[in-house]
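A look at the structure
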Amino acid sequence: MLECRDLIFHYDRCEPGETPDFCFSFRLAPGECLSVAGPSGTGKSTLLGLLAGFLEPASGSLAWQGRDLLMQPPWERGITTVFQEHNLFDQLPVWLNVGLGLAPDMRLTPAQQARVREGLAEVGLAGLHDRLPAELSGGQRQRVALLRGSRILLLDEPFSGLDEATRAGLWDLVRRQKAAGAAVLLVSHDRDDIEALADRRARLESGQLLVDSCDAG
Ligand SMILES: Nc1ncnc2c1ncn2[C@@H]1O[C@H](COP(=O)(O)OP(=O)(O)OP(=O)(O)O)[C@@H](O)[C@H]1O
């Protein structure tokens, strides 16, 4: 279970009242997807930044399966973030971009290399193993990014601007990660994305996450 409790944050350079003090609480089970919507500027990126470890909360707790995540740097949190673009390392070939999820030091064992090959083949990217991200289409880049999966997936409008078939293929990839036990937080306003993936829905309002169920943490 991903448990976020009273995670409080305020941007230093803001005047009081300029932006809300953020206070986030929610719970997300392995295999579950929570969608988050809210108008521009309500704090969606701020929430993702706090979870991923790019921003430091003033107080509160964040734990995965009972283990504190706040003490861990971003690369040790077991979190994969997939945004609209810029999710891959430009100078690394496709197979290493995926392999980073298995071996952050890029020293993949033969077994891990085989897993990467299998994963790429399963999503129709077998022939693109050695390409650089700049040599892929947008949809192919998102497939590579989602293949890197981990126990927590933070998705920020990752399907925007893609055609229906590509989007459906990426939904399948996310469903596969869910089936493998990943907890998924999906920032999206797209009704189709939300219906395809979300088990519960939340919206951001006045610096808080309002989850559409009684289980708000
Ligand atoms: N580095 C910063 N310093 C000060 N204020 C910031 C900073 N980053 C964001 N903010 C403010 O915090 C609020 C939330 O911003 P955030 O980027 O989280 O919103 P968002 O919901 O992701 O917006 P969008 O949908 O437009 O991307 C906004 O009012 C924004 O102006």
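Look up: the structure comes first, before these words.
Please read all numbers here as calculations on a predicted model, not as lab measurements. (Residues numbered from 1 in each chain as written. Predicted model: local features only at pLDDT ≥ 70, side-chain atom pairs only at ≥ 80, totals over all residues. Heavy atoms only, no water.)

Comments concerning the pairing of strand E7 (residues 152–156)
- Across the five residues of E7, five count as buried, placing the element largely inside the fold.
- Where burial is concerned, the two faces of E7 agree: the one with Ile 152, Leu 154 and Asp 156 and the one with Leu 153 and Leu 155 are both buried.
- As paired strands, strand E6 (residues 79–82) and E7 are joined by four bridges and run parallel to one another. Within E7, the position partnered with Thr 81 by the bridge is Leu 154.
- Strand direction decides the pairing type here: E7 and strand E8 (residues 183–187), joined by five bridges, are parallel. (Buried < 20%, exposed > 50% of the residue type's maximum accessible area, 1.4 Å probe, protein only. Helix = DSSP H or I, 4+ residues; strand = E, 2+ residues; numbered from the N terminus. Pairing = 2+ DSSP bridges.)

Topic: helix H3 (residues 110–122)
- Between the first and last C-alpha of H3 there are 18 Å, a value that for 13 residues agrees with the 18 Å anticipated at 1.5 Å per step.
- Among the residues making up H3, those that are buried are Gln 112, Val 116, Gly 119 and Leu 120. Projection of H3 onto a plane perpendicular to its axis shows the buried side chains occupying an angular sector of 95°, all on one side. Facing away from the buried surface of H3 by more than 90 degrees, the exposed residues are Pro 110, Ala 111, Arg 117 and Glu 122. (Expected span 1.5 Å × (residues − 1). Arc of directions from axis to C-beta.)

As for helix H4 (residues 138–147)
- Across the 10 residues that make up H4, a large majority, seven, are buried.
- Of the residues making up H4, those classed as buried are Gly 139, Gln 140, Gln 142, Val 144, Ala 145, Leu 146 and Leu 147.
- Elements that come into contact with the buried residues of H4 comprise E6, helix H2 (94–99), H3, E7 and helix H5 (164–179). (Contact = heavy atoms within 4.5 Å.)

Looking at the site of the ligand
- Neighbouring residues of the ligand: 12 residues in total, closest Ser 40, Gly 41, Lys 44, Ser 45 and Thr 46.
- Measuring from an oxygen atom of the ligand, one finds a side-chain N or O atom of Ser 40 at 2.5 Å.
- Within the side chain of Lys 44, one N or O atom sits 2.8 Å away from an oxygen atom of the ligand.
- For the ligand, the accessible surface in isolation is 640 Å², of which the surrounding protein chains cover 58%.
- With three residues, the top contributor of residues to the shell around the ligand is helix H1 (residues 44–52). (Near = heavy atom within 4 Å. Polar contact = N/O pair within 3.5 Å; in protein donor to acceptor, adjacent residues only side chain to side chain. Areas by Shrake-Rupley, 256 points an atom, 1.4 Å probe, with all protein chains shown as cover.)

Quick look at the packing of aromatic side chains
- Applying the stated criterion across every chain, the model contains three aromatic pairs.
- On the basis of an interplanar angle of 90° and a centroid distance of 6.2 Å, the ring pair of Tyr 11 and Phe 22 is categorised as edge-to-face. Within this pair, whereas Tyr 11 is found in the loop between strand E1 (2–9) and strand E2 (22–28), its partner Phe 22 is found in strand E2, the two being separated by 11 residues in sequence.
- Relative accessible area serves as the criterion here: at 31%, Tyr 11 is assigned to the partly exposed category.
- Here the aromatic rings of Phe 22 and Phe 24 are separated by 5.8 Å at their centres, their planes lie at 20°, and the arrangement is stacked.
- Every member of this aromatic cluster is reached through a ring pair, and the members are Phe 9, Tyr 11, Phe 22 and Phe 24. (Phe/Tyr/Trp six-rings, centres within 6.5 Å; stacked < 30°, edge-to-face > 60°.)

Side note on the layout of surface pockets
- Empty space within the largest pocket amounts to approximately 550 Å³.
- Residue lining of the largest pocket: 18 residues in total, with Pro 74, Trp 75, Ile 79, Thr 80 and Arg 148 positioned closest to the centre.
- The element best represented in the lining of the largest pocket is E6, accounting for three residues.
- Of the residues contributing to the lining of the largest pocket, the split by class is nine nonpolar, eight polar and one charged.
- Taken as a whole, the second largest pocket spans an internal volume of roughly 460 Å³. (1 Å grid on protein atoms, 1.4 Å probe; cavity = no way out; pocket = protein on both sides within 12 Å on 5 of 7 lines; lining within 4 Å. Points joined across faces, edges and corners; volume = space filled by probe spheres on them. Nonpolar A, V, L, I, M, F, W, Y, C, P; charged D, E, K, R; others polar.)

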